[in-house]
Amino acid sequence: MSHAIHKPIGPGGWLGILGGGQLGRMTALAAARLGIRCHVFTPEREGPAEQVCARATIAPYQDLVALDRFAQSVDALTFEFENVPAASLAALEHNRPGGRVLPLRPGPRALEIAQDRVREKTFFGELGIPTAPWHPIDGPIALQAALLAVGGPAILKTNRLGYDGKGQVRLKPGDDATAAWNALGGVPAVLEGMVPFTAEVSVIIARGVDGATACFEPTENVHRNGILHTSTVPARLTPAQIEQAKAIALTAARALDLVGLLAVELFVAPDGALLANEMAPRPHNSGHWTMDACHADQFEQLVRAVCGLPLGDPGRFRPMRMTNLIGVDAETWPAILARPGARLHLYGKADCRPGRKMGHVNDPFDPAGDAR
Ligand SMILES: Nc1ncnc2c1ncn2[C@@H]1O[C@H](COP(=O)(O)OP(=O)(O)O)[C@@H](O)[C@H]1O
Ligand SMILES: [Mg+2]
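Because the structure is a prediction, the values reported are computed rather than measured.

Focus: the overall build of the chain
Phase 1: When its secondary structure is counted, the chain shows ten helices and 17 strands.
Phase 2: Against the globule reference of 21 Å for 372 residues, the chain gives a C-alpha radius of gyration of 20 Å, in line with a compact fold.
Phase 3: In the chain, which comprises 372 residues, the proportion classed as buried is 53%.
Phase 4: For the chain, the proportion of contacts with a sequence separation of at least 24, taken over those separated by at least 6, is 64%.
Phase 5: For the chain, the accessible area works out to roughly 15700 Å², and carbon and sulfur atoms hold 55% of it.

Some remarks on the site of ligand 1
Phase 1: Lys157, Gly165, Val195, Glu200 and Glu278 are the nearest of the 20 residues found near ligand 1.
Phase 2: Contact distances for ligand 1 include 2.6 Å between an oxygen atom and a side-chain N or O atom of lysine 157.
Phase 3: Within the contact set of ligand 1, an oxygen atom lies 3.0 Å away from a side-chain nitrogen or oxygen of glutamine 168.
Phase 4: When ligand 1 sits alone it has 540 Å² of accessible area, and the protein chains cover 94% of it.
Phase 5: Considering only residue class, the shell around ligand 1 consists of six nonpolar, six polar and eight charged.
Phase 6: Per-domain counts for the shell around ligand 1 show at least three residues from each of domain 2 (133-193) and domain 3 (199-369).

As for the sheet that holds strand E1 (residues 14-18)
Phase 1: Here four strands make up an open sheet; going across it, the order is E3-E2-E1-E4 and the pairing parallel. Two strands bound the open sheet, and with one partner strand each, they are strand E3 (55-58) and strand E4 (76-79). When the angles between neighbouring strand axes are averaged without regard to direction, this sheet yields 20°.

Things to note about the coordination of the magnesium ion (ligand 2)
Phase 1: Donor atoms from the polypeptide that bind the magnesium ion (ligand 2) are Glu265 (OE), Glu265 (OE) and Glu278 (OE), placed at 2.0 to 2.7 Å. Of this pair, glutamate 265 sits in strand E13 (residues 260-268) while glutamate 278 is found in strand E14 (residues 274-280), placing the two residues 13 residues apart along the sequence.

Digging into the pattern of salt bridges
Phase 1: Across all of its chains, the model carries 16 salt bridges by this definition.
Phase 2: As a salt-bridge pair, glutamate 192 and lysine 121 come within 2.9 Å of each other at their nearest N and O atoms. Taken together, the residues span a long stretch of sequence, with glutamate 192 in strand E8 (residues 189-193) and lysine 121 in helix H5 (residues 117-126) at a distance of 71 residues. Judged on exposure class, the residue glutamate 192 and its partner lysine 121 are both buried.
Phase 3: Salt-bridge contacts for aspartate 175 lead to lysine 172; the nearest nitrogen and oxygen are separated by 3.3 Å.
Phase 4: Where salt bridges share partners, they join Arg33, Asp297, Glu300 and Arg304 into one cluster.

A word on helix H9 (residues 298-306)
Phase 1: Burial runs high along H9: eight of the nine residues are buried.
Phase 2: All of the buried residues in H9 are Gln298, Phe299, Glu300, Gln301, Leu302, Val303, Ala305 and Val306.
Phase 3: Looking at the packing, one finds that the buried side of H9 touches E1, helix H1 (22-33), E4, strand E9 (199-207), strand E10 (213-215) and E13.
Phase 4: Two residues or fewer past H9, glycine 308 is found with a positive phi of approximately 75°.

Description of the UniProt feature "domain: ATP-grasp" (unreviewed entry) in the chain
Phase 1: Sequence positions flagged by UniProt for "domain: ATP-grasp" (unreviewed entry) are, in local numbering, residues 121-307.
Phase 2: Within residues 121-307, the helical portion is 27% and the strand portion 32%, while the C-alpha atoms at the span's ends are 30 Å from each other.

Considering a nonpolar patch on the surface
Phase 1: Together, Trp333, Leu337 and Leu346 make up a nonpolar patch on the protein surface, roughly 300 Å² of accessible area in all.
Phase 2: As for its placement among the helices and strands, leucine 337 is situated in helix H10 (residues 333-338).

Some details on helix H6 (residues 140-150)
Phase 1: Looking only at H6, the buried set comprises Leu143, Ala146 and Leu147. Each buried residue of H6 sits inside an arc of 105° when the element is viewed along its axis, so together they form one side. Looking at H6, the residues exposed on the side facing more than 90 degrees away from the buried face are Ile141, Leu148 and Ala149.
Phase 2: Following H6 by one or two positions, glycine 151 adopts a phi angle in the positive range, close to 70°.

Section: the side chain of glutamate 200
Phase 1: Relative to the helices and strands, glutamate 200 is located in strand E9.
Phase 2: A polar contact of 2.9 Å, which involves the side chain of glutamate 200, links it to the side chain of histidine 223.
Phase 3: For glutamate 200, the residues in contact, after removing those within four places along its chain, are Thr219, Glu220, Asn221, His223, Leu266 and Phe267.

Describing the domain arrangement of the chain
Phase 1: Domains assigned within the chain are domain 1 (2-114), domain 2 (133-193) and domain 3 (199-369).
Phase 2: Spacing between the C-alpha centres of domain 1 and domain 2 amounts to 35 Å.

What counts, and where the lines are drawn
- Residues numbered from 1 in each chain as written.
- Chains lettered and ligands numbered in written order.
- Predicted model: local features only at pLDDT ≥ 70, side-chain atom pairs only at ≥ 80, totals over all residues.
- Heavy atoms only, no water.
- Helix = DSSP H or I, 4+ residues; strand = E, 2+ residues; numbered from the N terminus.
- Rg over C-alpha atoms; globule rule 2.2 N^0.38 Å.
- Buried < 20%, exposed > 50% of the residue type's maximum accessible area, 1.4 Å probe, protein only.
- Contact = heavy atoms within 4.5 Å.
- Areas by Shrake-Rupley, 256 points an atom, 1.4 Å probe, with all protein chains shown as cover.
- Near = heavy atom within 4 Å.
- Polar contact = N/O pair within 3.5 Å; in protein donor to acceptor, adjacent residues only side chain to side chain.
- Nonpolar A, V, L, I, M, F, W, Y, C, P; charged D, E, K, R; others polar.
- Domains from an automatic or database assignment.
- Pairing = 2+ DSSP bridges.
- Axes fitted to C-alpha atoms, helices over the stretch in contact; angles between N-to-C directions.
- Donors = N, O, S within 2.8 Å, 3.2 Å for Na, K, Ca; no water.
- Salt bridge = Lys/Arg side-chain N within 4 Å of Asp/Glu carboxyl O.
- UniProt positions renumbered as here; feature names shortened; annotations may be inferred.
- Patch = residues over 30% accessible without salt bridge, like charges linked within 9 Å, V, L, I, M, F, W, Y side chains within 5 Å.
- Arc of directions from axis to C-beta.

Spelled out as structure tokens, the structure:
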């Protein structure tokens, strides 16, 4: 494996992060704790990551000169923003002076597959990981046929660039396929059968340069208006389902030869089966509970993995619920600070827009008093 030829990056080393949002911010904070400095590349001035990074380059992702200079200043590279063109990342990794290879972790393949719903679902299928029934859609005629084939409630999703429920419409048989196709902008899409899930869960695995893995316990997720609202551990899963969720993450991470983090979102079907929804090769909002409940949280695991260091212990030492602070929710911060046990994480975002992730809070959780 090519990963193994690189020396580990320890205290005093430089980690490059592409993307300047909250995931980059929390990665940089974790790196700082290990004595590793971060250089962030972001188009956004004074964003969440820039505020806590030792160095920042503010430039558009298309600025190849700035990207190249950035690459020269770091020992390894990771990303928090998934829509950096995978080809530009591959060029950054390989076109280094003196034939040096700059480790990009995870590599471009994980990104390419996770950026594209058709490739992602095909990938799951090839690994024997079940998903909802799905059909690739390239126009209204294909959509009409797929709606008939699904034969019940369905959800049309753009193939690329969807997040927080954006780029989706819900449909039922008999709905106007042309109108739905146009509503999503006439771009390649997938139609999925709606899963009448009893719960949504997700699982995050870290994989190191040497192939060692450390998987967090699956968490149970509740969405509101398409945006993650809470993540709770322990999830209401049987021991067999927990093992199954972890096995899915392990299978996918190995198949990608991933170095870094992989988050997999799953539906719990009415018969108890786990169906993969989507995956992300980066820290995930549904893993923020690990910051206050695990020996090593997801951001520290990412830093350890991409720097070629041994992974930490993903074990959980208490039940926890993460609640996202969306838009004006963040204005309740004084009450959160006053709440015993609550751990507040704010992202340093200046303007508070509706639907914007401003922060999150982790609260100790009592499974006995659960009102989920
Ligand atoms: N096939 C499906 N069946 C039922 N619910 C779905 C399905 N696909 C998506 N959803 C709901 O919509 C949410 C967002 O969809 P997802 O594919 O995860 O896109 P995003 O990239 O916006 O997170 C899911 O977390 C789930 O609540
Ligand atoms: Mg999702």
